[in-house]
Structure formats: structure tokens, C-alpha cells
Amino acid sequence: DRLDDVLVCLMRLATAQDLAKVSNTLVRSGLRLPKAIQQLARHRDASVAVPILRHSDLVSEDDLADLAETRDIEHLLAIGSRAGITHYLTTTLIMRGYSAVHTLVAGNSSAQLSEGGFLVLLKIAERDPELAESLGARSDIPHILLRKFLAMASERAKVAFLRDAPATVKAL
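Residues numbered from 1 in each chain as written. Predicted model: local features only at pLDDT ≥ 70, side-chain atom pairs only at ≥ 80, totals over all residues. Heavy atoms only, no water.

1. Quick look at the overall build of the chain
For step 1, the next point in the chain: Regarding its fold elements, the chain presents 13 helices and zero strands.
For step 2, the next point in the chain: Moving toward the C terminus, one meets the helices and strands of the chain in the order α-α-α-α-α-α-α-α-α-α-α-α-α.
For step 3, the next point in the chain: Its C-alpha atoms give the chain principal-axis dimensions of roughly 60 × 20 × 20 Å.
For step 4, the next point in the chain: Residues classed as buried in the chain amount to 42% of the 172 residues present.
For step 5, the next point in the chain: A separation of at least 24 residues holds for 61% of the contacts in the chain among residues at least 6 apart in sequence.
For step 6, the next point in the chain: On the chain, roughly 9000 Å² of surface is accessible, and the fraction owed to carbon and sulfur atoms is 55%.
For step 7, the next point in the chain: Between the mean site of the 21 positive side-chain charges and the mean site of the 21 negative ones, the chain shows a separation of 2 Å. (Helix = DSSP H or I, 4+ residues; strand = E, 2+ residues; numbered from the N terminus. Buried < 20%, exposed > 50% of the residue type's maximum accessible area, 1.4 Å probe, protein only. Contact = heavy atoms within 4.5 Å. Areas by Shrake-Rupley, 256 points an atom, 1.4 Å probe, with all protein chains shown as cover. Lys, Arg positive; Asp, Glu negative; His and termini not counted. Charge placed at Lys NZ, Arg CZ, Asp CG, Glu CD.)

Structure below.
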């Protein structure tokens, strides 16, 4: 706890370049310094925040959602690449509207998506073959939404979607 407090004090004087090194070192070391990690995760400079956002389990879902609502695309991509993100967090990321984030979240097989999240992504994927391909690899799309997507999607998006789709999806 004292080490955490000392590090937070020292970080106040550090440059973004130095903080990026601290962030990377903390992630690699596995040290559990919650105050320092929270401060680094909330940093506006992506080089500082991204390693923590991508790898630290000391950043709460509420904090991640808050950051997903307020930070730049680099931060969003880091959050979207995390293992096991919940539907609440994926919905927040999707609603920010960045196509790179949509594709990343769709391709993150451990990310949970709500029916509403799937609906938004499938609607966009009707005309976005890259997103369609990422969604095609998922096996958790509700069948009713899947049928609607296949009926509405452009031929190019359908082909991309079905390229990596599981056999159960192709059978629809």
C-alpha cells in the first residue's frame, strides 16, 4: 500500500513518456498497485493508458465504461480487446460509432454481446464486409437476428459473413 502511494506521488512529476514506461512495467510485473493503476488507466495519453486498459484486472467495469464513453479510439480499442468483456461494456463501445471498434468487438470471441448490440452490428454489417466477416465467426448470434441479417445483407457482406461461420450458422 505504501509503495502504491509513493508511486502515485512520483507519477505526478513524470512525463507521459515516463508514465508509459511505468504502465508497461506494471502490466508485465503483475504488481497489484490499485491507485497507480487507476491513475494510469484514466490518463488521456493512449501510450500511458492502453497497456493498463488492455491487461489490468484492477480496473473496474464501471471505470472501463466511463472511459469508453469519454476517451479516444485508441483507448476504446484497448478496452474492446480485453478478454471476457460484458454486454454492458460492449454496448457502450458499439454506441461510440467507430467501425474499427465494431470490428474488434465482433471479432473478440470472449466479448459478450446483448441482443441490441448484435442488432446494431448486424445492421452495420449489411454493408460492411469486414464487420460481417468478424461477426460470421461468432456462434452466439440469436437465430432470428441472423436470419434477418442474411435476408437484408449485400451479397458481398453475406459471402464475407459465411466465410468463417460455424457449420450450424451455414445450415440456416
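2. Some words on the pattern of salt bridges
For step 1, the next point in the chain: Taken as a whole and assessed by the stated rule, the structure comprises nine salt bridges.
For step 2, the next point in the chain: Between Arg42 and Asp63 there is a salt bridge, with the nearest N and O atoms lying 3.0 Å from each other. With Arg42 in the loop between helix 3 (34-41) and helix 4 (46-55) and Asp63 in helix 5 (residues 61-70), this pair connects stretches of sequence that are 21 residues apart.
For step 3, the next point in the chain: Since its relative accessible area comes to 19%, Asp63 is described here as buried.
For step 4, the next point in the chain: Overlapping salt bridges, with partners in common, bring together Asp1, Asp5 and Lys35 in one network. (Salt bridge = Lys/Arg side-chain N within 4 Å of Asp/Glu carboxyl O.)

3. With respect to the side chain of Ser56
For step 1, the next point in the chain: If you trace the backbone, Ser56 turns up in the loop between helix 4 and helix 5.
For step 2, the next point in the chain: Looking at Ser56, the relative accessible area reads 8%, which means it is buried.
For step 3, the next point in the chain: A distance of 3.1 Å separates a polar side-chain atom of Ser56 from the backbone nitrogen of Leu58.
For step 4, the next point in the chain: Discounting residues that sit within four places of it in the chain, Ser56 has contacts with Ile37, Pro51 and Arg82. (Polar contact = N/O pair within 3.5 Å; in protein donor to acceptor, adjacent residues only side chain to side chain.)

4. Quick look at the environment of Asp57
For step 1, the next point in the chain: Topologically, Asp57 is positioned in the loop between helix 4 and helix 5.
For step 2, the next point in the chain: Each C-alpha atom of the pair Asp57 and His87 lies 17 Å from the other, and the pair is 30 residues apart in sequence.

5. What to know about the packing of aromatic side chains
For step 1, the next point in the chain: One pass over the full model with this rule turns up one aromatic pair.
For step 2, the next point in the chain: Measuring from ring centre to ring centre gives 4.9 Å for Phe149 and Phe161, while their planes differ by 55 degrees; the resulting arrangement is tilted. In this pair, Phe149 is assigned in helix 11 (residues 143-152) and Phe161 in helix 12 (residues 155-163), connecting sequence segments twelve residues apart.
For step 3, the next point in the chain: Residue Phe149 is classed as buried on the basis of its relative accessible area of 1%. (Phe/Tyr/Trp six-rings, centres within 6.5 Å; stacked < 30°, edge-to-face > 60°.)

6. A look at the packing of helix 8 (residues 99-107) against helix 10 (residues 129-136)
For step 1, the next point in the chain: Two elements in contact, helix 8 and helix 10, have axes separated by 7 Å at closest approach and are oriented at 15 degrees. In terms of their interaxial angle, helix 8 and helix 10 are classed as roughly parallel. In this structure, helix 8 crosses over helix 10, and the sense of that crossing is left-handed. Contacts between helix 8 and helix 10 involve His102, Thr103, Ala106 and Gly107 from the first element and Glu130, Leu131, Ser134 and Leu135 from the second.
For step 2, the next point in the chain: Residue classes in the contact of helix 8 with helix 10 are distributed as three nonpolar, four polar and one charged. (Axes fitted to C-alpha atoms, helices over the stretch in contact; angles between N-to-C directions. Parallel < 35°, antiparallel > 145°, perpendicular 65-115°, else oblique. Left-handed = near helix turned anticlockwise from the far one by under 90°. Nonpolar A, V, L, I, M, F, W, Y, C, P; charged D, E, K, R; others polar.)

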